[in-house]
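Structural description and commentary
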Amino acid sequence: MATIAAAPPYTDVRPQAVDNSVWSWLTTVDHKRIGALYLVSALFFFIVGGLEAAVMRAQLMRPNGTVVSAEMFSQLFTMHGTTMVFLAIMPLSAAFFNFLIPLQIGARDVAFPRLNAFSYWVYVLGGLFISFPILFGLAPDGGWFGYAPLSTKAYSPQINMDFWVLGLQILGISSLAAAFNFITTVINMREPGMSMMRMPIFTWMSFVVQFLVALAFPVITVALVFLQFDRFFGTNFYTIAKGADPLLWQHLFWVFGHPEVYILILPAFGLVSEVLPTFSRKPLFGYPVMVYSGILIGFLGFGVWAHHMFSVGMGPIADAVFSLTTMLIAIPTGVKIFNWIATLWGGQIRFTVAMKFGVALVGMFTMGGISGVMHSSPPADLQQTDTYFVVAHFHYVLFGGSMFGLFAGLYYYFPKFTGRFLSEKIGEWHFWLTLLGMNLTFFPMHFSGLLGMPRRVYQYDAGQGLELFNMMSTMGTLVLMFGTLFLVINLFKSWKGGEPASSNPWGAATLEWTIPSPPPDYNFAELPQVKSRYPLWNMKGGEKLVHETTYAEEKGRHIPTAKELGIVMPNPSIWPLVCAFGLIVMFSGLLFMDTKLMVAIATMLTGSAIWIGSLYKWLLTPLEDHH
């Protein structure tokens, strides 16, 4: 076991003067600023997705509800799932990828800073593209899974699903750009002493996720291109009467969809694996096994997709194979649960808000995992599929798992992001209301599902025993909204007025805690030399990982700029934003294919010109100014 040293003393320093103009944010290529942009944008979409869910729960609070029409309910249902998966949880994870990975591996930036900015702008513009139509009653309405042929022109003739088909392709471009960037960053930009088995566990889990994105998103891109051609150009990829396979969409979507679950959960696992050791004052139990189990989850995640399809009649052999792989993937997941418990066992535990969210993830994800293993049995799944039992299962996994882990990471790393603590007192309200609200919302859904309540229905009749459970779920949603309100208050209050934080306020072990909070634009004045997995806990007397004098430890001195230190940093650039805008305009032209062909062609040509012109300027503009 590692010898744990005390946290290094904090010396007050004046931070660098920071340019906070709107232009500086529009042109930034600093990975930390892009992380902050992801964080704010994703939290906004998280609130939007929560409000969509609240309206649905208001509709279902009583039998035969009349709060919204069937058409609006379908739009809310589709956009809630799409928003939470693609616009909230994934980008919240991306916020931590961006901010932390270079700091944890001892790098000054990501491998491709401008591609990083491009990825963000494509995400936020794509998110607005797919979200705005709901204000006009034109939002996607075919479910967040978009099952074809129901999403083809024959059954969804309006423009609604066009926004979904195009929007997801736009968001896929963002995700793939980020994945290639971070794979390259982790492989090539680790400081010399940072071997793969010395990387922090969050970086490891994020690294696995980038490969999942790179392998899974092309599959849904193929599915979406087929659907796009069916809708816009009259092809017959999903036209059953013309000989198409009715299960083609399902196979393509779930080959993407199940790895997507691990894309959503593994970053949260990584964050919790940083939080629990710090607040237990113990190294993570079984680090190598945690790494290998994460890799195995990623590998097996591509072999379980058809457990979503046990009810379609694949036959006993396919059912048996996918049943077995679904049971197998529970093993590396269970390994993580037991290793977290072993990390806590005998530790000097401090129950900060971050720690509470981390421990809550262990409990909530275990509950979701148990109901998930239940679905590995085809006879059981046949009864539970398309009922609220499944809704309960994946919300325990994705809210009790992904979101709890991200909340833990937010409270843990906020001091590093901003140099200020989030309020623990307000955070307590956020935690307990969120924990109570989540269980009150989703636990009753197990029972309403077992009683036969179907998913995706906007009304149900009285007298089926569903009234109490739906009322409880709606009340739980109200509690969740109050909990989220406390988070928003905490963020606004603490961003500028929170208690100042030192470079390592929690006494953590990894490299990001060796530099000031918030970090300077160049991260490390001199690149550190790591000799162990927990460098701050394994330092010998007098040893220093970074040259603190370079950060002006003397009280009152400023932190020097990159120019003063002779460090060359990437230039800000507007071209990633312009390039992303051109991409959105180009895709938007397809919306007019059926009604105004010349407008469609003109819009696509305009978007292409903007995209190609800005890409040309991007490639010709030097990344750095060498003095």
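Treat the numbers as computed from the prediction; the structure is a model and nothing was measured.

**Thoughts on the overall build of the protein**
Counting secondary structure elements, the protein contains 17 helices and zero strands. On C-alpha atoms alone, the protein measures out to a radius of gyration of 25 Å, which is about the 25 Å that the 2.2 N^0.38 rule sets for 627 residues. Put simply, the protein has 627 residues, and 59% of those count as buried. As presented, the protein carries roughly 24,800 Å² of accessible surface, and 70% of it is formed by carbon and sulfur atoms. Treating the 33 positive side-chain charges of the protein as one cloud and the 32 negative ones as another, the clouds have centres 6 Å apart.

**What about the domain arrangement of the protein?**
Considered domain by domain, the protein is made up of domain 1 (22–498) and domain 2 (581–627). If you average the C-alpha positions of domain 1 and of domain 2, the two centres end up 30 Å apart. With 20 residues of domain 1 at the contact, the number on the domain 2 side is 13 residues. Regarding the contact of domain 1 and domain 2, the summed buried area is about 1,500 Å², with carbon and sulfur atoms giving 78% of it. Summed over the shared surface of domain 1 and domain 2, the number is zero salt bridges. Remark: the boundary between domain 1 and domain 2 carries two residue pairs in polar contact (both at pLDDT 80 or more).

**Concerning the side chain of Asn339**
Turning to its location among the elements, Asn339 is positioned in helix α9 (residues 316–344). Residue Asn339 is classed as buried on the basis of its relative accessible area of 8%. Only 3.0 Å separates the side chain of Asn339 from the backbone oxygen of Phe285, close enough to count as a polar contact. Here the side chain of Asn339 touches Gly286 through a polar contact of 3.4 Å, landing on its backbone oxygen. Discounting residues that sit within four places of it in the chain, Asn339 has contacts with Phe285, Gly286, Val289 and Met290.

**Digging into the pattern of salt bridges**
Enumeration according to the criterion identifies six salt bridges in this entry. Note that Lys32 is salt-bridged to Asp30, the shortest N-O span being 3.0 Å. For the pair shown, Lys32 and Asp30 are each scored as buried. Its salt-bridge partner being Glu428, residue Lys356 comes within 2.5 Å of it at the nearest N-O pair. Of the two residues, Lys356 is situated in helix α10 (residues 353–374) and Glu428 in helix α13 (residues 424–450); the sequence distance between them amounts to 72 residues. Residue Glu428 is classed as partly exposed on the basis of its relative accessible area of 22%. When salt bridges that share partners are traced, they join Lys153, Asp162 and Arg231 into one network.

**Some points on the environment of Leu247**
Summarising the element assignment, Leu247 is placed in the loop between α6 (201–233) and α7 (248–280). Here Leu247 is in contact with Met309 and Val312, once residues within four sequence places are set aside.

**Some words on the confidence of the model for the protein**
In this model, the protein carries an average pLDDT of 91, and 93% of its residues clear a pLDDT of 70 or more. For the protein, per-element mean pLDDT is lowest for helix α15 (residues 562–565), which scores 77, and highest for α13, which scores 97. Considering only residues more than four positions removed or in separate chains, one finds that residues 1–16, a stretch of pLDDT under 50, has 43 contacts. Confidence drops under pLDDT 50 across residues 552–556; counting only partners more than four residues distant or on other chains, this segment forms 14 contacts.

**Topic: the environment of Gly566**
Of note, Gly566 is situated in the loop between α15 and α16 (575–588). Along the chain, Gly566 and Ala525 lie 41 residues apart, while their C-alpha atoms are 9.6 Å from each other.

**With respect to empty space enclosed by the protein**
Summed over the entire model, instances satisfying the criterion amount to three cavities of 30 Å³ or more. Its volume calculated, the largest cavity comes out at about 250 Å³. Along the walls of the largest cavity sit 22 residues, with Tyr38, Met90, Ala94, Ser175 and Ala178 positioned nearest its centre. When contributions to the lining of the largest cavity are tallied by element, the ones reaching two or more residues are α3 (70–105), α4 (113–131), α5 (160–188), α6 and α7.

**Considerations on the packing of helix α2 (residues 31–60) against helix α12 (residues 388–418)**
Relative orientation and spacing of two packed helices are given, respectively, by the angle between their axes and the distance between those axes. Put simply, α2 and α12 touch, their axes get as near as 14 Å, and they point 150° apart. Taken together, the axes of α2 and α12 lie roughly antiparallel to each other. Seen along the crossing, α2 lies across α12 with a hand that is left-handed. Two secondary-structure elements touch here, α2 through Leu39, Phe46, Arg57 and Leu60 and α12 through Tyr388, Phe399, Met403, Phe407, Leu410 and Phe417.

**Considering the nonpolar core**
Core analysis: the biggest nonpolar cluster contains 177 residues, and Trp249 and Trp340 have the highest contact counts within it. Examining the composition of this core, we find that 20 residues originate from one element, α3, more than from any other. Looking at which domains feed residues into this core, each of domain 1 (22–498) and domain 2 (581–627) gives three or more. For Trp340, the contacting residues outside a window of four places in its chain are Phe269, Val272, Ser273, Leu276, Leu284, Met290, Leu361 and Val362.

**Observations concerning a nonpolar patch on the surface**
A cluster of nonpolar residues, Ile47, Leu51, Met475, Leu478, Met481, Phe482, Leu485 and Ile489, forms a patch on the protein surface that exposes about 680 Å² of accessible area. Looking at the nonpolar patch, the elements that each hand over two or more residues are α2 and α14 (467–497). Ranked by residue count, the leading element in the nonpolar patch is α14, at six residues. Position of Leu51 among the secondary structure elements: in helix α2.

**Focus on the packing of α13 against α14**
The N-to-C vectors of α13 and α14 enclose an angle of 155°; their axes lie 7 Å apart at closest approach. Judged by the angle between their axes, α13 and α14 are roughly antiparallel. Here the hand of the crossing between α13 and α14 comes out left-handed. Here the residues of the contact of α13 with α14 sort into 19 nonpolar, twelve polar and one charged.

**A few points about α16**
Residues that lie three or four places apart on an α-helix share one face, since the helix turns once every 3.6 residues. A rise of 1.5 Å per residue sets the reference length of α16, with its 14 residues, at 20 Å; its end C-alpha atoms lie 20 Å apart and thus fit the reference within 8%. Judged by how many residues are buried, α16 sits mostly within the fold: ten of 14 residues are covered. Those residues of α16 that fall on the buried side of the exposure criterion are Pro576, Leu577, Cys579, Ala580, Gly582, Leu583, Ile584, Val585, Phe587 and Ser588. On its buried face, α16 is in contact with α1 (22–26), α4, α5 and α17 (597–620).

Analysis parameters
- Residues numbered from 1 in each chain as written.
- Predicted model: local features only at pLDDT ≥ 70, side-chain atom pairs only at ≥ 80, totals over all residues.
- Heavy atoms only, no water.
- Helix = DSSP H or I, 4+ residues; strand = E, 2+ residues; numbered from the N terminus.
- Rg over C-alpha atoms; globule rule 2.2 N^0.38 Å.
- Buried < 20%, exposed > 50% of the residue type's maximum accessible area, 1.4 Å probe, protein only.
- Areas by Shrake-Rupley, 256 points an atom, 1.4 Å probe, with all protein chains shown as cover.
- Lys, Arg positive; Asp, Glu negative; His and termini not counted.
- Charge placed at Lys NZ, Arg CZ, Asp CG, Glu CD.
- Domains from an automatic or database assignment.
- Contact = heavy atoms within 4.5 Å.
- Buried area = accessible area lost by both parts, 1.4 Å probe.
- Salt bridge = Lys/Arg side-chain N within 4 Å of Asp/Glu carboxyl O.
- Polar contact = N/O pair within 3.5 Å; in protein donor to acceptor, adjacent residues only side chain to side chain.
- pLDDT = per-residue confidence, 0-100.
- 1 Å grid on protein atoms, 1.4 Å probe; cavity = no way out; pocket = protein on both sides within 12 Å on 5 of 7 lines; lining within 4 Å.
- Points joined across faces, edges and corners; volume = space filled by probe spheres on them.
- Axes fitted to C-alpha atoms, helices over the stretch in contact; angles between N-to-C directions.
- Parallel < 35°, antiparallel > 145°, perpendicular 65-115°, else oblique.
- Left-handed = near helix turned anticlockwise from the far one by under 90°.
- Core = buried A, V, L, I, M, F, W, Y, C linked by side-chain atoms within 4.5 Å.
- Patch = residues over 30% accessible without salt bridge, like charges linked within 9 Å, V, L, I, M, F, W, Y side chains within 5 Å.
- Nonpolar A, V, L, I, M, F, W, Y, C, P; charged D, E, K, R; others polar.
- Expected span 1.5 Å × (residues − 1).

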